[in-house]
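The lines below spell out each chain.
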Amino acid sequence: MTTNKTERLHALDSLRAIMMILGIVLHSANTYVVADYGASWPLKDPDSTGIALDYISSIVHAFRMPIFFVIAGFFASLLFYERSYSKMIKNRINRILFPFIVFLIIMWPLVTMAFTYSNLVFSGHLNAYEATLAKYTNIAAFIPQHTMHLWFLYYLVFFSLTSYILGLLFKKLPKTSRKISQIFNYIIQKPILKVMVYSVITFLLLLAMNRYWVATSLSFVPDFNTYIFYAFFYFFGWILFKSKAYLNTFLKYDWLFTILAIVLFTTYFFMDDTALALEVKMAIKSVNVWLFTFGFTGLFIRYASKHSALMRYISDSSYWVYLLHLPLTAFLPASQYGVDIPAFFKFLLVMSGTTIICFVTYHYLVRATLIGKFLNGRSYTRRIKDIKPSPTGNTQINVAHS
């Protein structure tokens, strides 16, 4: 068991938090997109749409969850190798499984009510509030039918169990484990090669699914495609922890990779994709996600590696913010229906309103309470200025909600 503890990696902690909070941006935009998202987002303002919102929604969707799972795998590996195997499982149960169960029960009626109410308003119903409440007179309406936006916690439970078993297995196979690390280290130090290798693997996964991007399942029945696709990013992060000495190699071409990712995404976004073969779309998406992953990770390592009280606060709040944001992004659009302003400004109002409510409730109702301890493993005083690094600068990584 490793005895030297890893110092808190502020960059990765911040990157994980931003990926979670970007859920507000994504879901605030979805109501105002031109495209029809169907059952994946069954809410659209019939009077206000804008192609700029399609762009925002699509670009966030292109990288957010893959990067999140890379960081989640990294911190899970830290738990496994630097604490103990049993503590890793206990932490995952307390920080992932229990919050998933509790907030699934709490959030289901809030989320479904919000969507029901806004859809009734958008359809011109004169008594949307009463009609919404009327649908919840039966206890069956409060029983969750799928995982909603908590699907990532659901699959993290499976990834945690799988990684625990594989971790123990590879402990028994040290030569194989070392060989994997050697190959990984060789690839990760070569910027162009790592983009090519991991893009090819992603392409092969999409090819096996016969889809240009994974269709994330919200079902309680585990979906193999969802599992295997995001497990690839999770286990990339898991192995990356064992090669953490090479994290600084992400600084090479970080700006270039980010710019190329944006250019490639933008070009694809404005192309007539009906003229592209499915395999071409797969290839573009595969390259794009790894350009974003290596680019953003490098930028965060470059600019966010030092302690920041603000970013620490945002990191601590991100779990709560993500859990709470969905019903707000579904409910607030109804308050703007019929208001004669561009769709982009409606998006900004929904995003801003959701953000304010999430952070205010975190600060006053969560941070210094048992809820905060339940989610993050500890609670704080309410004063942001009390957030300080340890005197030695060797504060351990907070993996409470990886």
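Computed from a prediction, not measured in an experiment: that's the story for all the values here.

A tally of regular secondary structure across the protein chain gives 13 helices and zero strands. Helices and strands in the protein chain line up, N terminus first, as α-α-α-α-α-α-α-α-α-α-α-α-α. For a compact globule of 402 residues, the expected C-alpha radius of gyration is about 21 Å, and the protein chain comes in at 21 Å, within 12% of that figure. When its C-alpha atoms are laid out on the principal axes, the protein chain stretches across 70 × 55 × 40 Å. In the structure as shown, the protein chain presents an accessible area of about 18,300 Å², 67% of it carried by carbon and sulfur atoms. Between the mean site of the 35 positive side-chain charges and the mean site of the 16 negative ones, the protein chain shows a separation of 19 Å.

Using the criterion set out here, one finds five salt bridges in the structure. One salt bridge in this structure joins R312 and D316, with 3.4 Å as the shortest N-O distance. Of this pair, R312 and D316 are both found in helix 11 (residues 309–331), four residues apart, which corresponds to roughly one turn of the helix. For the pair shown, R312 and D316 are each scored as buried. Counted as one network, the salt bridges with shared partners bring together R312, D316 and R367.

Attention now moves to the nonpolar core. In terms of nonpolar packing, the biggest core is built from 117 residues, with F68, F69, F152, L156, F159, F236 and F294 touching the most fellow members. Ranked by the residues each element gives to this core, the list is headed by helix 2 (residues 51–82), at 20 residues. Beyond its immediate chain neighbours, meaning those up to four positions away, F159 contacts F69, Y227, Y230, A231, Y234 and F235. Core analysis: the second largest hydrophobic core is formed by five residues, L120, V121, A128 and A131 among them.

Basis of the calculations
- Residues numbered from 1 in each chain as written.
- Predicted model: local features only at pLDDT ≥ 70, side-chain atom pairs only at ≥ 80, totals over all residues.
- Heavy atoms only, no water.
- Helix = DSSP H or I, 4+ residues; strand = E, 2+ residues; numbered from the N terminus.
- Rg over C-alpha atoms; globule rule 2.2 N^0.38 Å.
- Areas by Shrake-Rupley, 256 points an atom, 1.4 Å probe, with all protein chains shown as cover.
- Lys, Arg positive; Asp, Glu negative; His and termini not counted.
- Charge placed at Lys NZ, Arg CZ, Asp CG, Glu CD.
- Salt bridge = Lys/Arg side-chain N within 4 Å of Asp/Glu carboxyl O.
- Buried < 20%, exposed > 50% of the residue type's maximum accessible area, 1.4 Å probe, protein only.
- Core = buried A, V, L, I, M, F, W, Y, C linked by side-chain atoms within 4.5 Å.
- Contact = heavy atoms within 4.5 Å.

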